[in-house]
Amino acid sequence: MIEENINSTKILEQNKNSWDAMADSWFGSTALPSYGCLVPSEEELQLFPALTGKKVFDIGCGSGHFLKWCKEHGAEEIWGLDMSTRQLENARTYLTQSGYEPHLINAPMESDCGLPTDYFDVVYSIYALGWTVDLNTTIDRISRYLKRDGILIFSWDHPLMRCIDAEGEKLVLNGSYFDENPFSYIQRGNPVTIHNHKMSGWINALAGAGFKVEKLVEETDAETLSQEYEFSDSYYSPFRAKKMPLSFIIKAVKL
Ligand SMILES: C[S@@+](CC[C@H](N)C(=O)[O-])C[C@H]1O[C@@H](n2cnc3c(N)ncnc32)[C@H](O)[C@@H]1O
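Residues numbered from 1 in each chain as written. Predicted model: local features only at pLDDT ≥ 70, side-chain atom pairs only at ≥ 80, totals over all residues. Heavy atoms only, no water.

**A look at unusual backbone geometry**
In this structure, Leu38 is a non-glycine residue whose phi angle is positive, near 60°. Relative to the helices and strands, Leu38 resides in the loop between helix 1 (5–26) and helix 2 (42–45). Its relative accessible area of 24% is what places Leu38 among the partly exposed residues. (Helix = DSSP H or I, 4+ residues; strand = E, 2+ residues; numbered from the N terminus. Buried < 20%, exposed > 50% of the residue type's maximum accessible area, 1.4 Å probe, protein only.)

Okay, here's the thing in C-alpha cells:
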C-alpha cells in the first residue's frame with residue numbers, strides 16, 4: 001500500500017510532469033561508472049559483480065546510459081523502469097540506436113506493474129530511489145524482483161545534505177535530521193517534491209525486505225579530498241565535499 005495515498009498521488013503526478021519537461025536537458029548527464037557528484041566511481045569501488053549472462057534492472061533508468069554500460073559489460077537482458085514517458089522515449093531511441101533490445105517500463109517504482117519476480121541478478125538505481133513516495137513498498141518490490149543472492153546497488157544524496165546549508169563561509173545545520181516530511185523545490189524551473197529519509201530509514205527498509213547490507217559508502221573521491229577549495233554555497237560544491245559525503249552508496253544482497 002502506498003502511504004498517504006492522496007498526497008502521494010499528487011506528488012507522483014507533479015514529479016512526472018516535471019521529469020517529462022526536464023528529460024531532454026538531463027540526457028546522458030550522468031552515466032556509470034559514476035555514482036554521483038564527487039563520489040568514488042564504480043571503477044574504484046567495484047561493487048558490481050561480473051555481468052556476463054546476467055539479467056539487470058535499472059530503477060529510474062532515465063536516458064538509459066547506465067543500461068548501455070551494463071550491456072557493454074556483458075549483461076544478457078537489460079530492463080529499465082522510469083515514470084517519465086519522455087525519459088523512456090529517449091532511452092529507447094538511445095539503446096536501440098546502439099543495437100540493443102531493452103525492456104522498458106513506463107511506471108512509478110512504487111506501483112505493481114506486473115514485473116517478473118525472482119528473476120533479476122542485479123537491480124540498481126543511480127540517483128533515483130530517493131524519489132519514491134513510499135520507501136518500504138519500493139524496497140519490498142525490488143526484493144521480490146531479485147533472485148535469492150541477487151544484488152541491489154543504489155546511490156542517493158546523503159541524508160545530511162538536506163539539513164546542512166552553506167552560509168557565511170561555513171556549513172550550518174539548519175534543518176532537522178529527523179524531519180522526513182515531503183518538501184518541494186524548483187529543479188531546472190520545474191516544481192518537484194521528495195522525502196528525506198534518515199540513514200536508519202534506508203537500512204531498516206532493506207532489513208525489513210530481507211536484504212543484508214554488504215557495503216555502505218559515505219566517501220568523497222580521492223582527487224577532491226587531495227585539493228583545497230574556496231568557500232562555495234552551491235549544493236554539490238567541492239568545498240562541502242571535503243567536509244561531508246554528498247552521496248551514499250549501498251550494496252545489499254537478497255537473503
Ligand atoms: C536524477 S534522475 C536519474 C536518472 C538516471 N538514473 C541517471 O542517473 O541519469 C531520476 C529519475 O527518476 C525518475 N523518477 C522519479 N520519480 C520516480 C518514481 N516514483 N518512479 C519511477 N521513476 C521515477 C525520473 O523520471 C528520472 O528519470
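**Examining the layout of surface pockets**
Its volume calculated, the largest pocket comes out at about 860 Å³. As for the largest pocket, its lining consists of 39 residues, and the residues nearest its centre are Trp19, Trp26, Tyr127, Trp131 and Gln187. At the level of elements, helix 1, strand 2 (77–82), strand 5 (146–157) and strand 8 (182–187) are the ones that each hand at least two residues to the lining of the largest pocket. The biggest single contributor to the lining of the largest pocket is helix 1, with 4 residues. The residue inventory of the lining of the largest pocket, partitioned by class, reads 22 nonpolar, 12 polar and 5 charged. (1 Å grid on protein atoms, 1.4 Å probe; cavity = no way out; pocket = protein on both sides within 12 Å on 5 of 7 lines; lining within 4 Å. Points joined across faces, edges and corners; volume = space filled by probe spheres on them. Nonpolar A, V, L, I, M, F, W, Y, C, P; charged D, E, K, R; others polar.)

**Digging into the pattern of salt bridges**
Applying the stated rule across the entire model yields 9 salt bridges. Among the ionic pairs, Lys16 bridges to Asp20, the shortest N-O distance being 2.6 Å. Here Lys16 and its partner Asp20 are both found in helix 1, 4 residues apart, which amounts to about one turn of the helix. Note on Asp20: relative accessible area 22%, which makes it partly exposed. A salt bridge links Lys254 to Asp118; the nearest nitrogen and oxygen atoms lie 3.2 Å apart. Here Lys254, found in strand 11 (residues 247–254), pairs with Asp118, found in the loop between strand 3 (103–106) and strand 4 (120–126); they are 136 residues apart in sequence, far enough to count as distant. If you follow the salt bridges from partner to partner, you end up with Asp24, Arg86 and Glu89 in one network. (Salt bridge = Lys/Arg side-chain N within 4 Å of Asp/Glu carboxyl O.)

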